[in-house]
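Results of the structural survey
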Protein chains: 2
Amino acid sequence: MLGTLEKIEGGVCAPKGFRANGVHCGIRKNKKKRDLALIVSDTRCSAAAVYTQNLVKGAPVIVTKKHLADGYAQAVIVNSGNANTCNKDGEEMAEAMCSLVQEYTGISASDVIVGSTGVIGQKLSIDPIKEGMPSLFEGLGDNSGAAAEAIMTTDTVKKELSYKFILRGKEVRIGAIGKGVGMICPNMATMLLFITTDLAISPEMLQKAVSDEVVDSLNMLSVDRDTSTNDMMCVLASGLAGNKPITFANAEYKRFTEVLHTVTTNYCRMLAADGEGATKLIECRVKGAKTKEDARLAAKSVVNSNLVKAMIFGADANGGRVMCALGYSGANLDVNKIGVSFCSSAGTVEAYKNGCALVFDETLAKQVLSRKEIHIVVNLHDGKEEAVAYGCDLTYDYVKINGDYRS
Amino acid sequence: MLGTLEKIEGGVCAPKGFRANGVHCGIRKNKKKRDLALIVSDTRCSAAAVYTQNLVKGAPVIVTKKHLADGYAQAVIVNSGNANTCNKDGEEMAEAMCSLVQEYTGISASDVIVGSTGVIGQKLSIDPIKEGMPSLFEGLGDNSGAAAEAIMTTDTVKKELSYKFILRGKEVRIGAIGKGVGMICPNMATMLLFITTDLAISPEMLQKAVSDEVVDSLNMLSVDRDTSTNDMMCVLASGLAGNKPITFANAEYKRFTEVLHTVTTNYCRMLAADGEGATKLIECRVKGAKTKEDARLAAKSVVNSNLVKAMIFGADANGGRVMCALGYSGANLDVNKIGVSFCSSAGTVEAYKNGCALVFDETLAKQVLSRKEIHIVVNLHDGKEEAVAYGCDLTYDYVKINGDYRS
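Residues numbered from 1 in each chain as written. Chains lettered and ligands numbered in written order. Predicted model: local features only at pLDDT ≥ 70, side-chain atom pairs only at ≥ 80, totals over all residues. Heavy atoms only, no water.

A word on the overall build of chain A
The secondary structure content of chain A amounts to 11 helices and 15 strands. For a compact globule of 407 residues, the expected C-alpha radius of gyration is about 22 Å, and chain A comes in at 22 Å, within 12% of that figure. Principal-axis analysis of the C-alpha atoms places the extent of chain A at approximately 70 × 55 × 35 Å. Relative to its 407 residues, chain A shows a buried fraction of 64%. Long-range pairs, those at least 24 residues apart, make up 80% of the contacts in chain A with a sequence separation of at least 6. Total accessible area on chain A is roughly 14,100 Å²; 50% of this is exposed by carbon and sulfur atoms. (Helix = DSSP H or I, 4+ residues; strand = E, 2+ residues; numbered from the N terminus. Rg over C-alpha atoms; globule rule 2.2 N^0.38 Å. Buried < 20%, exposed > 50% of the residue type's maximum accessible area, 1.4 Å probe, protein only. Contact = heavy atoms within 4.5 Å. Areas by Shrake-Rupley, 256 points an atom, 1.4 Å probe, with all protein chains shown as cover.)

Focus on the sheet that holds strand β10 (residues 281-289) of chain B
Residue and element names in this part refer to chain B. The six strands are arranged β13-β12-β11-β14-β10-β15 in an open sheet whose pairing can be described as mixed. Lying at the two open borders of the sheet, with one neighbouring strand each, are β13 (356-357) and β15 (385-392). As judged from the seven bridges shared by β10 and β15, these two strands associate in the antiparallel manner. The partner of E283 across the bridge, within β15, is Y390. Along the sheet face, helix α6 (residues 251-273) touches β10, β14 (373-379) and β15 and points at about 35° away from the line of β15. (Pairing = 2+ DSSP bridges. Axes fitted to C-alpha atoms, helices over the stretch in contact; angles between N-to-C directions.)

Here we look at the packing of helix α11 (residues 396-403) of chain A against helix α11 (residues 396-403) of chain B
Between two packed helices, the angle of one axis relative to the other and the distance separating the axes together describe the packing. Interhelical geometry of α11 of chain A versus α11 of chain B gives an angle of 165° and a closest axis separation of 8 Å. By the angle class used here, α11 of chain A and α11 of chain B are roughly antiparallel. The hand of the α11 of chain A/α11 of chain B crossing is right-handed. The residues of α11 of chain B that touch α11 of chain A, namely those facing Y396, V399 and K400 of chain A, are Y396, V399 and K400 of chain B. A class-by-class count of the residues in the contact of α11 of chain A with α11 of chain B yields four nonpolar, no polar and two charged. (Parallel < 35°, antiparallel > 145°, perpendicular 65-115°, else oblique. Left-handed = near helix turned anticlockwise from the far one by under 90°. Nonpolar A, V, L, I, M, F, W, Y, C, P; charged D, E, K, R; others polar.)

A short note on the relation of the copies chain A and chain B
Overlaying chain A on chain B yields an RMSD of 0.0 Å, the required transformation being a rotation through 180° with an accompanying axial translation of 0.0 Å. Such a combination of rotation and displacement between the chain copies is what one expects of a two-fold axis. Across chain A, the rotation axis passes nearest the C-alpha of Y396 of chain A, at a separation of 2.5 Å. A share of 100% of the interface residues of chain A reappears at the interface of chain B, consistent with the copies meeting face to face through the same patch. (Least-squares fit on C-alpha atoms with pLDDT ≥ 70 in both.)

A few points about helix α2 (residues 90-105) of chain B
All names here are of chain B. Spanning 16 residues, α2 covers 23 Å between terminal C-alpha atoms, matching the ideal 22 Å at 1.5 Å per step. For α2, every residue scored as buried is listed here: G90, M93, A94, M97, C98, L100 and V101. Relative to the axis of α2, the buried residues are bounded by an arc of 145° and lie together on one face. Exposed side chains of α2 directed beyond 90 degrees from the buried face belong to E92 and E103. Check the buried side of α2 and you find it contacts β3 (36-51), α1 (59-67), β4 (72-80), β5 (112-117) and α3 (127-138). (Expected span 1.5 Å × (residues − 1). Arc of directions from axis to C-beta.)

Observations concerning the sheet that holds strand β10 (residues 281-289) of chain A
What links the strands of a sheet is backbone hydrogen bonding, and the strands pair in either a parallel or an antiparallel sense. All names here are of chain A. What the six strands build is an open sheet, ordered β13-β12-β11-β14-β10-β15; its pairing is mixed. Only two strands of the sheet have a single neighbouring strand rather than two, namely β13 (356-357) and β15 (385-392). Across the face of the sheet, helix α6 (residues 251-273) comes into contact with β10, β14 (373-379) and β15 while running at roughly 35° to β15. In this fold helix α7 (residues 292-304) packs onto β10, β14 and β15, with an angle of close to 20° to the strand it touches most, β15.

Some points on the interface of chain A and chain B
The interface is formed by 52 residues belonging to chain A together with 53 residues belonging to chain B. Summed over both partners, the interface of chain A with chain B buries about 4,500 Å², with 57% contributed by carbon and sulfur atoms. Connecting chain A to chain B are zero salt bridges. At the junction of chain A and chain B, the tally comes to nine residue pairs in polar contact (both at pLDDT 80 or more). Broken down by secondary-structure element, the contributors of at least two residues to the side of chain A that touches chain B are α8 (306-313), α9 (319-327), β13 and α11 of chain A. It is α11 of chain A that contributes the most residues to the side of chain A that touches chain B, six residues altogether. (Buried area = accessible area lost by both parts, 1.4 Å probe. Salt bridge = Lys/Arg side-chain N within 4 Å of Asp/Glu carboxyl O. Polar contact = N/O pair within 3.5 Å; in protein donor to acceptor, adjacent residues only side chain to side chain.)

Structure follows, in structure tokens:
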């Protein structure tokens, strides 16, 4: 069924009715780095979002929650270089950003989603944003790439995705921009992910799709086990595709949730592969669990383990560390049934069976773990549920990047 | 009251009735590295222990639990270089080690505590241990240092402690050897810690003291958030001090628990300071919490955060990362009341007040965070409880050590 999902160009501007742009306004000192992004829809959109569950919440998270309470939005403004978190006037500044959008576009400030990413606890001045607004607004168009660049922090590549698919004869498009790549261990949403679609869907069904979705995608991603204060994933649906609006959980709704899952899990893979300092993407698939939650706990525990992450960096097939991480994961499991394999494009190495270590070909193991994408496959042989978690290796560069982030 | 606790030499041999030794028997290839330790008591001891809560448990943990079921023990045998975990014949090998102790010392195998540390999932051969027994036994004496060396893995310094104190006119001694320093995030006990004392105390009261103790000491220590499969802390009490045996929670019992707390928290500090690759000890003290458990959760979350650990390595006073770790800690707290300071022998920097970032002297902050021991003091201003957690910085060397542990 997902075979008919076709990758296309355009990012958040691929769906009908969306324009975007990104500029350098001066929040960051480096003039070559864009730091302010805007996405605008021609029509008022059904809108849904999930946010960080960290008790310390960025001011933009609080303001966006307020603006999305009615289920509708029409624009997104985001800055990088400053998280606007733990600041006394944080909410005031976030509201001021939305008012600037209203001033230039005519869209009500209360229909604007606002996001910020960067250093926590540094005052955000509205001045550079004010100065950047004219060029940001004038350049609105098919510029998803510029917007994607403007929200990057330690990301090394910009993150854009777009697809089209057919829904009862109507072509529907979906696009996304997002960023990572440190303080990433989302709980309800990830750092920043903005998705647009021209699908017609009610705000209620959109929120249901988003809320149900994150549990198996963004919540299963971890770069460093640090749940950020500013995580936010928002979906805007313009309705311009012309499909019969989705208002209950019918076949079209199910199809949309599958598409959304493809977008979010691809995004997880992009984020994990570009995790701070990362050289390798790690996917841990846990099969044969008693419950879905056991599978999730076990898989996430493996990608979260510093020891597993460091061993993947060093291409050292130490299955004992995977066993150890499964053992303290909190998942209900029978140690004596566990099987562990390492897989990549270079082959497969079976490292543990029935909870015991196997002797394997060390040369092959080194080759398997030297590829860019490593799959750790765990079979608990204890049930039928499974889950996948996404992570990356732990490297010298992660330490370097985070030893001196503010400078 | 603790002022009368005097540091002495001797390690586990300081208390009356204990002899120890450590030799190289050949489990490790490096002939300069001792890999087999033995502690023997002249009398049968009250014995108590706590073990890892990891579901994947090392065979020595399982065998020791069995041997300690009656509350008594008389010897400890430990090897490094192999964890004897996830091996089919693991329990058989652990029992064989105890039988060798019986053969040489005459102490019943069921009164022997056995421990192993090293790589998980590699078969442990009894042959080198058999070969090492004669010299291990013959050398038994005042050799706590040799035993401490023999249980080291990635430790860079051996860990020994001993104290004496007066209990109702009787001099009582207590000594300990232990090791870390990777896969350290104990839950019920830490990697390996063996404590001897000549105190007279019933097995029941000794177990109560040990179980009550670890919650605020060893369980508050984290090098890398990876709870090991082989954690074990054991206390042997020979009774040779001649004090009236402790059989209920009287003043002497309370005094002993205070001494035990000094031993275990000093051990935590030694372990954290020598954490794999660590250059700095981090102590996070959380005050003003609603409950003790809130204080523990908050403090441990801070020392567990890779971002906090990397920033301490880089001497970058980014209080936002501490706020972030508090926010996702699971502790019940009011974000708007939180204060955060960084302290060391170079001074104190107040970074957050009422949940908001403060402007501080960056030069002083750099000096404060450049010392070897960093205290992060958090005041939740929300109650009267407090807790301390122990950790270390995250460095290039942690990644290096763990990228290629098995080789």
